[in-house]
Amino acid sequence: MTLTVEKSFDWDTFTERFWDRRPVLYKAVDAVPFAEPEVFRAAVLGSRPPHPLAVPGNLQFLVRRRQQTRPHDYLPEPSDGSFDGYEQRMADRLGGRRYALVVHRFHSFSHPLWDRAQRFYAGLWERVGQPTHSAGSTMFHGSYEHSPVGVHQDRFATFMFCVRGTKRMRFWAERPWSDPVHTVLDYQPYLASSFVAEVEPGDLLYWPSRYYHVGESAGDAPATSVNVGIPRREHRPYYEIKDLFRGTRPTASAPLFTPDAAPGGRLAAELPTALADAVDAFATRLDEGRFTDRATELALRVRTAGGFWPTEPPAEPRPLDDDTPVRGCAPLLPAPGESPRRWATGGHVTSGATTAEAVAVLRRLDAGEAVRVGELPVTGRAEVRRLLEELESFRAVTRVDTH
């Protein structure tokens, strides 16, 4: 099989000829889904260790084939200034040894990067539907010999945008080995049945989820790409339930252990205290009213995240005075129902129900008007001010410079 290479990109042709069918490489796409300065900034923010001796859970760093369990000074820093600075520092630090930096949930570390990505992929959602479970994004950077997991198959249809350097992707239309394993690191025996894509800066490569693949270095120089994976098969209920209970933490009132079995090997009828606490915590979440609220909130977050959730956390709210005008800069989606509503935008949901006065202000913002809190009746100002401050923290309204 050979790879199809296209010189012009449009979503209509793509969905008709390639979506869920076969790989395609688009050369030098006009609408860039990821810009290098934004990618570097997100790489810095997305690789901050939670502790000086801990590697973040969303990150992998390998030197040659050895995964590092401590961050050392391997991760990108603001002082590097750009990928040029980071690459030079790594060349000096590692003495030319090959390395790989992999950052998962990449879009959630930069609002500008998320905004650019969701606007680009909106064209795909218009034709095939927005994923009911979020698309994922991962940055790959380095001079690594090949992808850390080797040849593998994903549950995602994948778009790879090359940011800098040259990336090589190798594909197999069917699993090339017969052994009962999911991945293979040493795949030299299977090269003859593969085909290759050479991806340069500005190129966009797509492959369906059924293809086995591995990323390779095209030379000694580091390269950078951002992959967007769209769930197409396997495990969907598991991931959606996991999102519904994201952040749920039972009270740790006792050590987690199972008492010794009684004579005859029978365990006690009661759960250990720690496990009983966990069951109670999840049972509370399954109360019909609470579960409905949580499911509605999750649906609003996912729907307004443009296919990419979670998004960057809200900014710190800033006090808004009476005289500063604000203008809307992102669409708002109301929760369903007739009662006082909460509103969602950019993957976030407002914290309280909205009064009639506040709804009138939101309608003005939606019509393109600028609004000052001082123009409103005194009785409604506090509620509207709080709402506008929260929406600004969501990056859905912006202050208008009157000077």
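Going by the structure above, here's the rest.
Below: a short report on this structure. (Residues numbered from 1 in each chain as written. Predicted model: local features only at pLDDT ≥ 70, side-chain atom pairs only at ≥ 80, totals over all residues. Heavy atoms only, no water.)

## What about the overall build of the chain?
Scanning the chain from N- to C-terminus turns up 9 helices and 18 strands. C-alpha atoms of the chain, sized along the principal axes, occupy 75 × 75 × 45 Å. Expressed as a percentage of the 403 residues in the chain, the buried residues total 44%. Long-range contacts, defined here as pairs at least 24 residues apart, represent 77% of the contacts in the chain between residues at least 6 apart. Across the chain, 50 positive and 52 negative side-chain charges occur, with their mean positions spaced 3 Å apart. (Helix = DSSP H or I, 4+ residues; strand = E, 2+ residues; numbered from the N terminus. Buried < 20%, exposed > 50% of the residue type's maximum accessible area, 1.4 Å probe, protein only. Contact = heavy atoms within 4.5 Å. Lys, Arg positive; Asp, Glu negative; His and termini not counted. Charge placed at Lys NZ, Arg CZ, Asp CG, Glu CD.)

## Description of the pattern of salt bridges
Applying the stated rule across the entire model yields 32 salt bridges. A salt bridge links Glu216 to Arg168, with the shortest nitrogen-to-oxygen separation between them at 3.6 Å. With a gap of 48 residues between them, Glu216 in strand E11 (residues 212-217) and Arg168 in strand E8 (residues 167-172) connect regions that are remote in the sequence. Arg395 is the partner of Glu312 in a salt bridge, and the nearest nitrogen-oxygen pair spans 3.6 Å. Of this pair, Glu312 sits in the loop between helix H7 (288-304) and strand E13 (326-328) while Arg395 sits in the loop between helix H9 (378-393) and strand E18 (397-399); the two residues are 83 residues apart in sequence, bridging distant segments of the chain. Salt bridges linked by common partners bring Glu36, Asp84, Glu87 and Arg164 together as one network. (Salt bridge = Lys/Arg side-chain N within 4 Å of Asp/Glu carboxyl O.)

## Details of the environment of Thr69
On the secondary structure map, Thr69 appears in the loop between strand E4 (66-67) and helix H3 (83-94). Apart from residues no more than four positions distant in its own chain, Thr69 is found in contact with Leu53 and Val55.

## Side note on unusual backbone geometry
Cis rather than trans, the peptide bond between Trp309 and Pro310 has omega equal to 0 degrees. By secondary structure assignment, the location of Pro310 is in the loop between H7 and E13. Look at Arg64: it is not a glycine, yet its phi comes out positive at around 55 degrees. In this fold, Arg64 is placed in the loop between strand E3 (59-63) and E4. Non-glycine residue Arg105 carries a positive phi angle of around 50 degrees. With respect to the helices, strands and loops of the structure, Arg105 is situated in the loop between strand E5 (99-104) and helix H4 (111-128).

## Points about the sheet that holds E3
If you walk across this open sheet you meet the 9 strands as E1-E2-E10-E7-E12-E6-E5-E3-E4, and the pairing is mixed. Lying at the two open borders of the sheet, with one neighbouring strand each, are strand E1 (4-6) and E4. Judged from the 8 bridges that link them, strand E7 (residues 156-164) and strand E12 (residues 223-231) form a sheet pairing that is antiparallel. Looking at the pairing, Cys162 lines up with Ser225 of E12. Contacts between H3 and the sheet are confined to E3, E5, strand E6 (136-142), E7 and E12, with E5 contributing the most and set at about 135 degrees to the helix. Those strands touched by H4 are E7, strand E10 (204-207) and E12, and its axis lies near 30 degrees from that of E12. (Pairing = 2+ DSSP bridges. Axes fitted to C-alpha atoms, helices over the stretch in contact; angles between N-to-C directions.)

## Section: the packing of helix H2 (residues 36-45) against H4
H4 packs onto H2 with a crossing angle of 130 degrees between their chain directions and a minimal axis gap of 9 Å. Comparing their axes, H4 and H2 come out oblique. For the pair H2 and H4, the crossing hand works out as left-handed. Residue-level contacts link Glu38, Val39, Arg41 and Ala42 of H2 to Pro112, Leu113 and Arg116 of H4. (Parallel < 35°, antiparallel > 145°, perpendicular 65-115°, else oblique. Left-handed = near helix turned anticlockwise from the far one by under 90°.)

## As for a nonpolar patch on the surface
A cluster of nonpolar side chains, contributed by Leu271, Leu275 and Val279, occupies part of the molecular surface with about 250 Å² of accessible area. Position of Val279 relative to the elements: it lies in helix H6 (residues 273-285). (Patch = residues over 30% accessible without salt bridge, like charges linked within 9 Å, V, L, I, M, F, W, Y side chains within 5 Å. Areas by Shrake-Rupley, 256 points an atom, 1.4 Å probe, with all protein chains shown as cover.)

## Quick look at the pairing of E8
Taking burial as the measure, the 6 residues of E8 include 5 buried ones, the bulk of the element. Across 5 bridges, the pairing between E8 and strand E9 (residues 195-199) is antiparallel. Paired with Arg168 across the strands is Glu198, a residue of E9. Where E8 and E11 come together, 6 bridges link them in antiparallel fashion. Bridge assignment links Lys167 to a residue of E11, and that residue is Ser217.

## Here's the deal with H7
Here H7 is 17 residues long and its end C-alpha atoms lie 24 Å apart, about the 24 Å a rise of 1.5 Å per residue gives. Residues of H7 that are buried: Arg294, Leu298, Leu300, Val302 and Thr304. Once H7 ends, the next one or two residues include Gly306, with phi positive near 65 degrees. (Expected span 1.5 Å × (residues − 1).)

## Things to note about the side chain of Thr224
Structurally, Thr224 is set in strand E12. Within polar-contact distance, the side chain of Thr224 engages the side chain of His141 at 2.7 Å. (Polar contact = N/O pair within 3.5 Å; in protein donor to acceptor, adjacent residues only side chain to side chain.)

## Overview of the sheet that holds E11
Sheet architecture is open: 3 strands sit in the order E9-E8-E11, paired in antiparallel fashion. This sheet does not close on itself; its edge strands, each paired only once, are E9 and E11. When the angles between neighbouring strand axes are averaged without regard to direction, this sheet yields 25 degrees.

## So, H9
With 16 residues, H9 should reach 22 Å at 1.5 Å per residue; the first-to-last C-alpha distance of 23 Å fits that figure. Taken as a whole, H9 carries its principal kink of about 25 degrees at Val384. Of the positions making up H9, those classed as buried are Gly380, Val384, Leu387, Leu388, Glu389, Glu390, Leu391, Glu392 and Ser393. On its buried side, H9 packs onto E13, strand E15 (343-345), strand E16 (348-349), helix H8 (356-366) and E18. Following H9 by one or two positions, Arg395 has its phi on the positive side, about 70 degrees. (Bend = angle between axes of the 7 residues up to and from the residue.)

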